[in-house]
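# Examination of the molecular architecture
Single-letter residue listing:
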Amino acid sequence: MRGIIPFVAGAAIALSAGWAGFPYAIYKSRPQPVDFSHRVHAEKAGAKCEDCHAFRNDGTFAGIPSLDKCTGCHAAAMGTTAAEKNFIDQYVTPQREPQWAAYARQPENVFFSHIAHVKLGQVKCETCHGDQGSTDKLPRYQEDRISGYSRDIWGTAGRPGMTMDNCVDCHRKQKLEREHSCLECHK
Amino acid sequence: MTTTRRGLLQFLGGSAVGALFTPAPWRLITDTALWSENWPGIPRPARGEIRAKFTNCSLCTAGCAVRARSVGDQPVALAGVAGGLCPFGLTAHHLPYHPARLKQGPVKEAAAAVADAIAQCGPSEHVAVLDLRPGRTASWTYRRAMASVHNGLYLAPPEPTVAVNLRNAKTVLSLGAPLLDGWGTPADVFAARDGFRLIQAEPIESRTAALADQWIVWDRPPGLSADATSLSALAQAIAGEMTVSEAATITGLPADQIQSLVKELKDNGPALVVDSEMSPAVVALNVRLGSWGRTIGPRQEAPVPESWKKAAPRTDLAAVPDRSIRVLLIDESTPGEYLPWESIEKKLAANAVVGAFAPWTQGYGRHAQYVLPTAVYPEALDDIPPAIDSVAAAFRIAAPLVAPPAGMVSPVEFIAGAAGLPASDALRERADAIHKAGRGTLVTYADGKSIPVKDVKPEDFWKSLNAGARWVDGALGAAVAAAGVASGLGGADPLVRSRPPGRLSAPAQQADEGVGSGPGGPPHYPLTIVTESRAAFLSSPLLSQIYQESNLRLAPNRIALHPTDAASSGIADGAHAFLETRDGKREVQVTVDSSVRPGVVLVVGQTDTASSGAKVVRI
């Protein structure tokens, strides 16, 4: 019976290290360059998702807006918060693009068409991006030290991930029957 | 408590089991796989603004309109506009990165050597330009350049003098033309396909034969030196000047087949007869059928500036005296029809200077002293001559989608400079001449509009052409009808004219000799060479290289044999062998194919020809 103690101890240490310690080891974390509030923009400015994350005329998706878009309203400070002052001083005044970290960055060999999903498929932004649009603070960006991808691609409770399995699952649920067409998504 | 080795192993075992129930090992496996996607050397798609650019494909004379999806300045995908693109056209944006691409050449040395040779050219010696794709604006520059030098010659493969209109045809008799396999403008041919009945006459079941409404196995095909006679017999049978049985004897076709063919061509008109080169005999047959002005007419050309018309005419290589060319400059920068080097070599003087302008070294570059690198589609700025099925005159430019690398040579500038022509932008001058003529329509693919040229300013006309638009003469059809028989093609009886000999066909007297000779006598040549006809441009090294790499079709370095013949020659599929005729032998790779008829060796060529007297020898 005493012989099982080292085995159990080893298993317990491995389990605790694997579940509690591993995420800290595998991910490095950094804040976004600007303390941005989606909620403030949505509630106070009445902005909708597509006002900033717009489609271009040719149907391509603009993604994260550039500084030009921000300075359309923030040419001068709008408010007295520290975040606003930091944004004006660090980026607007020197005309320096914020180096946003994209939570949903896809691999180079993947072509994802936003317009096909949003306009044709009527998929809401929240379906893939969760409640990002109503948060008051951007979460820290957690980057996998080995793969280089964001931790967010694995999904969270209530929000599916953005892996190929997640894409295929959703397409199967919608009975789109296109999951076997490699070149639909892969370059 | 003491630590024993057993305890340590139990601890490690427990750790391993425990670890399996955590995400750590599984995530490490996944992450390692993802990390491997980002290894150095793995191609990365370009990033940047996505734009659409329009141009025209210059790989062949079809000149298909192309929409290029570009990321920044880099084209990443090509697609057809209002029609498809062939596999070559779809992947043409990869051509500049071909590993065999020529990137540098002895430009200064070549210029000096050519200048010296021109200066020392004797009174009976010639300076010549060989243009593999005549009919371009560049061709006009070469002709002007050769007109301005002493004893200048402009050499080029023969251009068709007629254009065909498949849309008007109800019955088409194709004498071995690869009508449904890259002939003319393939998209237009297939668009018109439902409107006509196609009868394909050739000895092999080509792709066109397989897709035709009727395939006539013509064992004595046109090209075996008897084509004019056969076609003349067919024409006379149509006109009732010869009985069907007489025509059958001459053509080698069964009498009932001749009868049904004659009936079909006469009753289900307008009819059209085509072959690979639109030879005079075929044109004459069309005239007999009453097709002139309906399905066939003179070829139209876009206007050129008046000052260009003092240009050297095209000279047939065969007409040039042997050992008389002192300087030969060959433009093979665009795919075109190749002339055998043996026929060129005997025309060269002993101290001839030969320069080839080419993106690769596999073509004439193997024989030239100077090989100068050129831009390749889609880097090169060039215009595209009209295809055989282009009834109206047209002008379209292959506008560059990417910048050529440094060190590329423009053959037009080099040759014009060597001949002392003043530097000019010939394409722009020609566009201005077309605009000045004031007729025709500008078709822009970016917005799908057609605008009469007279409503467009010269500057906008030029800009549109460089953005992939094309000019089409508005006198479509009218010119064909107006020219009619008075064009001269219908006047003299072209049936008596001889057809240009097939490039790979043996002379008739040779073809009939020696067949069946036994051991000890003359060499025994048991096989008949049958040439699979193919659009001329596909024989270019530029594209045949792709054939050789892909093996999708019979490449120019390959032959096909029936398994029985391969076995009797002791040759396996894929083996290297010599294809031997009385004229010589060349190394080939053998494809064993049961669809090839026994006794036949199938090779690739530009015309449908057959000649007896060949054998395949195992290396």
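Each value, and the rule that gives it
Residues numbered from 1 in each chain as written. Chains lettered and ligands numbered in written order. Predicted model: local features only at pLDDT ≥ 70, side-chain atom pairs only at ≥ 80, totals over all residues. Heavy atoms only, no water. Helix = DSSP H or I, 4+ residues; strand = E, 2+ residues; numbered from the N terminus. Contact = heavy atoms within 4.5 Å. Areas by Shrake-Rupley, 256 points an atom, 1.4 Å probe, with all protein chains shown as cover. Core = buried A, V, L, I, M, F, W, Y, C linked by side-chain atoms within 4.5 Å. Buried < 20%, exposed > 50% of the residue type's maximum accessible area, 1.4 Å probe, protein only. Pairing = 2+ DSSP bridges. Axes fitted to C-alpha atoms, helices over the stretch in contact; angles between N-to-C directions. Salt bridge = Lys/Arg side-chain N within 4 Å of Asp/Glu carboxyl O. Buried area = accessible area lost by both parts, 1.4 Å probe. Polar contact = N/O pair within 3.5 Å; in protein donor to acceptor, adjacent residues only side chain to side chain. Expected span 1.5 Å × (residues − 1). Arc of directions from axis to C-beta. Parallel < 35°, antiparallel > 145°, perpendicular 65-115°, else oblique. Left-handed = near helix turned anticlockwise from the far one by under 90°. Nonpolar A, V, L, I, M, F, W, Y, C, P; charged D, E, K, R; others polar. Phe/Tyr/Trp six-rings, centres within 6.5 Å; stacked < 30°, edge-to-face > 60°. Lys NZ or Arg CZ within 6 Å of the ring centre and 35° of its normal. pLDDT = per-residue confidence, 0-100.

### What about the overall build of chain A?
Per the secondary structure count, chain A includes nine helices and two strands. In sequence order, the secondary structure elements of chain A are arranged as α-β-α-α-α-α-α-α-β-α-α. For chain A, contacts bridging at least 24 residues in sequence account for 67% of all contacts bridging at least 6. Accessible surface, chain A as shown: approximately 12,500 Å² in total, 59% of it carbon and sulfur.

### Let's talk about the nonpolar core
Residue and element names in this part refer to chain B. Judged by nonpolar contacts, the single largest core of 47 residues is most densely connected at Val172, Leu173, Trp183 and Val274. The dominant element in this core, judged by the number of residues it contributes, is helix H8 (residues 227–239), at six residues. With residues up to four places along the chain from it excluded, the contact list for valine 274 reads Val164, Val172, Leu173, Ser174, Leu175, Ala177, Leu179, Trp183 and Val282. Membership of the second largest hydrophobic core comes to 26 residues, among which are Ala117, Tyr142, Ala145 and Val409.

### Some details on the sheet that holds strand E8 (residues 197–201) of chain B
Residues and elements named next belong to chain B. Taken in spatial order, the four strands of this open sheet run E9-E8-E7-E10, and their pairing is parallel. Looking along the sheet, the strands with just one partner apiece sit at the ends: strand E9 (214–216) and strand E10 (271–275). Averaged over all pairs of adjacent strands, the angle between their axes in this sheet comes to 20°, without regard to strand direction. On the sheet, helix H11 (residues 280–288) packs against strand E7 (171–175) and E10 and is oriented at approximately 175° with respect to E10.

### Digging into unusual backbone geometry
Looking along the chain, the bond that leaves Gly269(B) and enters Pro270(B) is cis, with omega of -5°. Here the residue pair Tyr377(B) and Pro378(B) is connected by a cis peptide bond, since its omega of 10° sits within 30 degrees of zero. Within the element layout of this structure, Pro378(B) appears in the loop between strand E15 (370–373) and strand E16 (382–383). Phi at Gln122(A) is positive, roughly 55°, even though this residue is not glycine. By relative accessible area, Gln122(A) is classed as exposed at 61%. Positive phi, normally seen in glycine, also occurs at Asn151(B), with a value near 55°. In this structure Asn151(B) comes out as partly exposed when scored by relative accessible area, which is 24%.

### Some details on the pattern of salt bridges
Between side chains of opposite charge, a pair can form when the charged atoms approach closely. Tallying each qualifying case throughout the model produces 25 salt bridges over all chains. Close ionic contact of Asp136(A) with Arg39(A) constitutes a salt bridge, the shortest N to O distance being 3.1 Å. In this pair, Asp136(A) is assigned in the loop between helix H7 (125–129) and strand E2 (141–144) and Arg39(A) in helix H2 (residues 38–43), connecting sequence segments 97 residues apart. The partly exposed category is assigned to Arg39(A), whose relative accessible area is 32%. Two residues, Glu125(B) and Arg326(B), come together in a salt bridge whose shortest N-O distance is 3.8 Å. With a gap of 201 residues between them, Glu125(B) in the loop between helix H4 (107–119) and strand E4 (126–131) and Arg326(B) in strand E13 (residues 325–331) connect regions that are remote in the sequence.

### Some details on the interface of chain A and chain B
With 26 residues of chain A at the interface, the matching set in chain B holds 28 residues. Summed over both partners, the interface of chain A with chain B buries about 2,300 Å², with 66% contributed by carbon and sulfur atoms. Ranking the residues of chain A by area buried against chain B places Phe22(A), Glu108(A) and Ile146(A) at the top, with a combined share of 24%. Connecting chain A to chain B are zero salt bridges.

### Digging into the side chain of Asp131(B)
Residues and elements named next belong to chain B. Of note, aspartate 131 is situated in strand E4. You can call aspartate 131 buried: its relative accessible area is 0%. There is a polar contact of 2.8 Å between the side chain of aspartate 131 and the side chain of arginine 136. In terms of polar contacts, aspartate 131 uses its side chain to reach the side chain of serine 139, at 2.5 Å. When residues no more than four places from it in sequence are discounted, the contact partners of aspartate 131 are Arg136, Ser139, Tyr142, Tyr154, Leu155, Ala156, Pro157 and Asp331.

### Some words on H4(B)
Residue and element names in this part refer to chain B. Look at H4: 18 Å from first C-alpha to last across 13 residues, which is about the 18 Å you get at 1.5 Å a residue. All of the buried residues in H4 are Ala110, Ala113, Val114 and Ala117. For H4, the angular spread of buried residues about the axis comes to 100°, placing them on one side. Residues of H4 that are exposed and point over 90 degrees away from its buried face: Lys108 and Ala119. Buried-residue contacts for H4 involve E13, strand E14 (348–358), E15 and helix H13 (411–419).

### Describing the sheet that holds strand E3 (residues 74–80) of chain B
Residues and elements named next belong to chain B. Reading across the sheet, the three strands line up as E1-E2-E3 and stay open at both edges, with antiparallel pairing between neighbours. Each edge of the open sheet is held by one strand with a lone partner, namely strand E1 (50–56) and E3. Adjacent strand axes in the sheet meet at a mean angle of 30°, parallel and antiparallel pairs treated alike. Pairing of strand E2 (residues 65–71) with E3, which is carried by six bridges, proceeds in the antiparallel orientation. Residue alanine 68 lies in a different strand from E3, and its bridge partner there is leucine 78.

### Considering the packing of helix H9 (residues 244–251) of chain B against helix H10 (residues 255–267) of chain B
Residue and element names in this part refer to chain B. Close contact between H9 and H10 brings their axes to 8 Å; oriented N to C, the two are set at 110°. On the basis of their axis angle, the class for H9 and H10 is roughly perpendicular. Remark: the crossing between H9 and H10 carries right-handed chirality. Taken together, the residues of H10 that come into contact with H9 (itself represented by Val244, Ala247, Ala248 and Thr251) are Ala255, Ile258 and Gln259. Looking at the contact of H9 with H10, its residues break down into five nonpolar, two polar and no charged.

### Some remarks on the packing of aromatic side chains
Taken as a whole and assessed by the stated rule, the structure comprises nine aromatic pairs over all chains. An angle of 45° between the planes, with centres 6.0 Å apart, marks the rings of Tyr103(A) and Tyr141(A) as tilted. Of the two residues, Tyr103(A) is situated in the loop between helix H5 (82–92) and helix H6 (114–120) and Tyr141(A) in strand E2; the sequence distance between them amounts to 38 residues. Each of the two residues, Tyr103(A) as well as Tyr141(A), counts as buried. Taken together, a centroid distance of 5.7 Å and an interplanar angle of 90° make the contact between Trp35(B) and Trp39(B) edge-to-face. By relative accessible area, which is 41% here, Trp35(B) ends up partly exposed. Taken together, the ring pairs in this structure connect Tyr338(B), Trp341(B) and Tyr364(B) into an aromatic cluster. For the cation-ring pair, Arg27(B) lies above Trp154(A), with the distance from its terminal atom to the ring centre recorded as 4.5 Å.

### Focus on the confidence of the model for chain B
Residues and elements named next belong to chain B. Residues with a pLDDT of 70 or more make up 86% of chain B, whose mean pLDDT is 83. Every residue in residues 221–226 scores below 50 in pLDDT, and together they form 15 contacts with partners more than four places removed in sequence or on other chains. Contacts of residues 476–520 to residues separated by more than four positions or lying in other chains number 79 contacts, the stretch itself having pLDDT below 50.

### Description of the environment of Phe21(B)
Here Phe21(B) lies in the loop between helix H1 (5–20) and helix H2 (24–36). Its relative accessible area of 59% is what places Phe21(B) among the exposed residues. Phe21(B) has contacts with Leu15(A) and Trp19(A), leaving out every residue within four places of it along the chain.

### So, the packing of helix H1 (residues 4–26) of chain A against H1(B)
In the contact formed by H1(A) and H1(B), the axes pass within 6 Å of each other and the chain directions differ by 35°. Crossing geometry of H1(A) relative to H1(B) is assigned as right-handed. Facing Pro6(A), Phe7(A), Ala9(A), Gly10(A), Ala11(A), Ile13(A), Ala14(A) and Leu15(A) of H1(A), the residues of H1(B) in contact are Gly7(B), Gln10(B), Phe11(B), Gly13(B), Gly14(B), Ser15(B), Val17(B), Gly18(B) and Ala19(B). Residues that form the contact of H1(A) with H1(B) fall into these classes: 10 nonpolar, seven polar and no charged.

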